[in-house]
Amino acid sequence: MTRTRIMMLLSVLLLAGCPTRPGPDEGKTVGTTPAPDAGTPETSLPTLRIASPASNTSTNGVVAVTVDVTGGAAPATIQLLEDGTVLATLVGPAPYTYSWDTQGVADGTHTLVAKAIADGESIASAPVTITVDRTAPTIISTTPTAGAPNVVLRAPIVLTFSEPILASSFTASAVSLQVGGTIVPTVATLSSDGTSATIAINDLSSFALPATFLVTLSTAITDLTGNALKIPATAWNWIVPDWIKYAPLASSTAPALAVGPNFQPTVAFSAACFGNASSACVDYLSVAASDGQQWNSLGQLPTMTGPGSMDLDAQGHPIVAGIVNAGGAESVTVATWNGSSWDSSISPLGIDSSSVLTASPIVRLDPSGRPVIAWKDAVTATAADVGVARWTGVAWDKSFGRLGLTATSNHSLILDGNGNPIVGFCLGTNGIGTVSRGGFGAWNGTSWTFSGTYPSEVPVVVLDGALEPTMLVAYTVDHYSNGSWQPIVNTAIPGGNTSSVPHLALTPDHQPVVAWINATAPTKIGLARWTGSQWSARAGLFNAGGVVTADAPGVPAEVPGLVVDSRGSSWVYWREGSSVNVWMSNY
């Protein structure tokens, strides 16, 4: 081999064994997509769902369980777990079902979950909650309580269950109410959560009182799982009297009464001097509130003499107005009960009176809770006007002025929905004038507007359902509409012209109630309620065994006093001698 050929061969070998730098496009595949991985193809896992029962189901027996599988390959077996412990193994193919007998399962809440192995991985369903309940529902409370006496007819009838009741089991035939042994029509309503029920009597006038009431319940009433109601061993009965009578209170003046949100009365009265021969003793106003069992004294209001007037605030706390006479000058004083003591921080209201006839202040609370007072002002031996003032929070606002009346004997006060005063009045009786006529004056925001007058003894004014002033006009109930008196009830009140000092009130559904003194001896009181078609005087004529006291001239006609509470119960109060009687009618 020649030297030249040997050198060329060495050069080739050297070039073949040496690395070279790649060019800018070396190692790239331009305009193509890399080939996919040739490994095992991906697969989706199946989803487990307990299709039945639904979560929050209650049971006391066998539960049908169904598990659905969607997506991917269905597993050969599925484990059903109760509270984390295997309950059963469900074998395919679908449907995966199981009948779960809960007889051996403890009462309470239990959780079901379905689990399986798919493609080597563990999968599970969302949990489902089941409540096992084999306990019979019971009645844990009733209103009224079993055996209760002196129950208010219009008080709610309520029973409370130990657990929710199945609505479809609480039917009209499952509840009955007997009055005096006769079934009366009712409407029984189950609460939205099923834990209580109320019973309402269709017609409260369909039976006589006093009577024993008895509720009977059926075992057809069940809880949500079908357990029958356990009927109490003690019968649920109670007594409804015709009257609920409160213990008499001693008073030397006409009382004032109001009924609180607890449906119990509060009374303002004068009680200091009975049995006290001291000439220095004065009949100052006192206040007592009933708790349904007894009168609880709220104390005396020193320097404030009666007769007084009273209203209650939203909490049932009384506010009382009375007269203070200092050195011959009269003023109206207001005191409010704060829950533990009397607050007399509202400054006295000066009035104009030069007669022994009392100013007879009347107090009402406006929508903001501030007192409005109406009183007989500019009083002389032969004349009297009516003044009105509102407490602003710092002073008395007398911008209402006087009504411009003469010979006012009695007056009343109510407030409309805006707090504007409406004053009822009687002219010309009780020692001032000779003819008794009544009417009202209403404040329109800037001045007083007046109704026409009519023969009247008592100036009580109320607002009907159309918010129009309503009064007793010649023994019929009329409202003042479009400038004239128009009858609401054409039928005269029971007793007609033998009825003395009739008082008027309206029920929550705007039906009239009247109370009056019967003129025959011994003096008795009558009470009647308008049913929508006639006067019902089922209460008859009544008194407490004495003679109804006629109060002194100039005193507001509180004989008899009448209040209808927000449940529609009628309260009558009056004096016989020195005793104040407070009775609530169940008619």
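Residues numbered from 1 in each chain as written. Predicted model: local features only at pLDDT ≥ 70, side-chain atom pairs only at ≥ 80, totals over all residues. Heavy atoms only, no water.

### Description of the overall build of the protein
Here is step 1: The helix and strand tally for the protein stands at one helix and 48 strands.
Here is step 2: Buried positions account for 46% of the 587 residues belonging to the protein.
Here is step 3: For the protein, the accessible surface area stands at approximately 27800 Å², while carbon and sulfur atoms represent 54% of it. (Helix = DSSP H or I, 4+ residues; strand = E, 2+ residues; numbered from the N terminus. Buried < 20%, exposed > 50% of the residue type's maximum accessible area, 1.4 Å probe, protein only. Areas by Shrake-Rupley, 256 points an atom, 1.4 Å probe, with all protein chains shown as cover.)

### As for the sheet that holds strand β39 (residues 476-481)
Here is step 1: Read across the sheet, four strands follow the order β37-β38-β39-β40 without closing on themselves; strand pairing throughout is antiparallel. Each edge of the sheet is formed by a strand with only one pairing partner; in this case those strands are β37 (462-463) and β40 (484-489).
Here is step 2: One ladder, built from two bridges, connects β37 with strand β38 (residues 469-473); its direction is antiparallel. Counted as the bridge partner of Val 462 is Thr 470 from β38. (Pairing = 2+ DSSP bridges.)

### Section: the pattern of salt bridges
Here is step 1: For the structure shown, the criterion picks out four salt bridges.
Here is step 2: Measuring nitrogen to oxygen at the nearest pair gives 2.9 Å for the salt bridge that ties Arg 390 to Asp 366. Of this pair, Arg 390 sits in strand β30 (residues 385-391) while Asp 366 sits in the loop between β28 (362-365) and β29 (371-377), placing them 24 residues apart in sequence. For the pair Arg 390 and Asp 366, a shared accessibility class is recorded, and that class is buried.
Here is step 3: The shortest N-O distance in the salt bridge between Arg 402 and Asp 377 comes to 3.1 Å. Taken together, the residues span a long stretch of sequence, with Arg 402 in the loop between β31 (396-397) and β32 (408-415) and Asp 377 in strand β29 at a distance of 25 residues.
Here is step 4: You can call Asp 377 buried: its relative accessible area is 6%. (Salt bridge = Lys/Arg side-chain N within 4 Å of Asp/Glu carboxyl O.)

### Here we look at the environment of Ile 50
Here is step 1: Tracing the backbone through its elements, the reader meets Ile 50 in strand β1 (residues 47-52).
Here is step 2: Along the backbone, Ile 50 and Val 128 are 78 residues apart, and their C-alpha atoms lie at a distance of 7.3 Å.
Here is step 3: Excluding its chain neighbours within four sequence positions, the residues that come into contact with Ile 50 are Val 65, Thr 66, Val 67, Leu 80, Leu 112, Val 113, Ala 114, Ser 125, Ala 126 and Val 128. (Contact = heavy atoms within 4.5 Å.)

### Some remarks on the side chain of Thr 408
Here is step 1: Relative to the assigned elements, Thr 408 resides in strand β32.
Here is step 2: Side-chain polar atoms of Thr 408 contact the backbone oxygen of Ala 384, separated by 2.9 Å. (Polar contact = N/O pair within 3.5 Å; in protein donor to acceptor, adjacent residues only side chain to side chain.)

### Description of the side chain of Asn 581
Here is step 1: Following the sequence through the fold, Asn 581 ends up in strand β48 (residues 579-585).
Here is step 2: In this structure, Asn 581 is in contact with Pro 248, Ala 544, Val 572, Tyr 573, Trp 574 and Glu 576, ignoring residues within four places of it in sequence.

### Some remarks on the nonpolar core
Here is step 1: Judged by nonpolar contacts, the single largest core of 60 residues is most densely connected at Phe 161, Leu 177, Phe 213, Trp 238 and Leu 527.
Here is step 2: Residue contributions to this core peak at five residues, all from strand β42 (residues 512-518).
Here is step 3: For Trp 238, the residues in contact, after removing those within four places along its chain, are Pro 144, Thr 145, Ala 148, Val 151, Ile 157, Leu 177, Ala 211, Thr 212, Phe 213 and Val 215.
Here is step 4: Core analysis: the second largest hydrophobic core is formed by 20 residues, Val 63, Leu 90, Ala 114 and Ala 118 among them. (Core = buried A, V, L, I, M, F, W, Y, C linked by side-chain atoms within 4.5 Å.)

### Some details on the sheet that holds strand β17 (residues 236-240)
Here is step 1: Spatially, β13-β12-β16-β17 is the arrangement adopted by the four strands of the open sheet, whose pairing is antiparallel. Unpaired on one side and paired on the other, β13 (182-184) and β17 mark the two borders of the sheet. Strand-to-strand, the axes of this sheet are offset by a mean angle of 30 degrees, without reference to chain direction.
Here is step 2: Where strand β12 (residues 175-179) lies against β13, three bridges are found, and the strand directions are antiparallel. (Axes fitted to C-alpha atoms, helices over the stretch in contact; angles between N-to-C directions.)

### Considering the packing of aromatic side chains
Here is step 1: One pass over the full model with this rule turns up 22 aromatic pairs.
Here is step 2: Relative to Trp 342, the ring of Trp 337 has its centre 5.2 Å away and its plane inclined at 65 degrees; by these criteria the two rings are edge-to-face. Considered together, Trp 337 and Trp 342 belong to a single accessibility category, that of buried residues.
Here is step 3: The interplanar angle of 75 degrees and the centroid separation of 5.1 Å between the aromatic rings of Trp 574 and Trp 583 together place this pair among those described as edge-to-face.
Here is step 4: The structure contains a cluster of three or more aromatic residues connected by ring pairs, namely Phe 207, Phe 213, Trp 236 and Trp 238. (Phe/Tyr/Trp six-rings, centres within 6.5 Å; stacked < 30°, edge-to-face > 60°.)

### A look at the confidence of the model for the protein
Here is step 1: Averaged over the protein, the pLDDT score is 87; the fraction of residues at 70 or greater is 86%.
Here is step 2: In the model, residues 1-38 has pLDDT below 50 throughout and makes two contacts with residues more than four positions away in sequence or in other chains.
Here is step 3: Across residues 430-434 the pLDDT falls below 50, and counting only partners more than four positions away or on other chains, this stretch makes 14 contacts in the model. (pLDDT = per-residue confidence, 0-100.)

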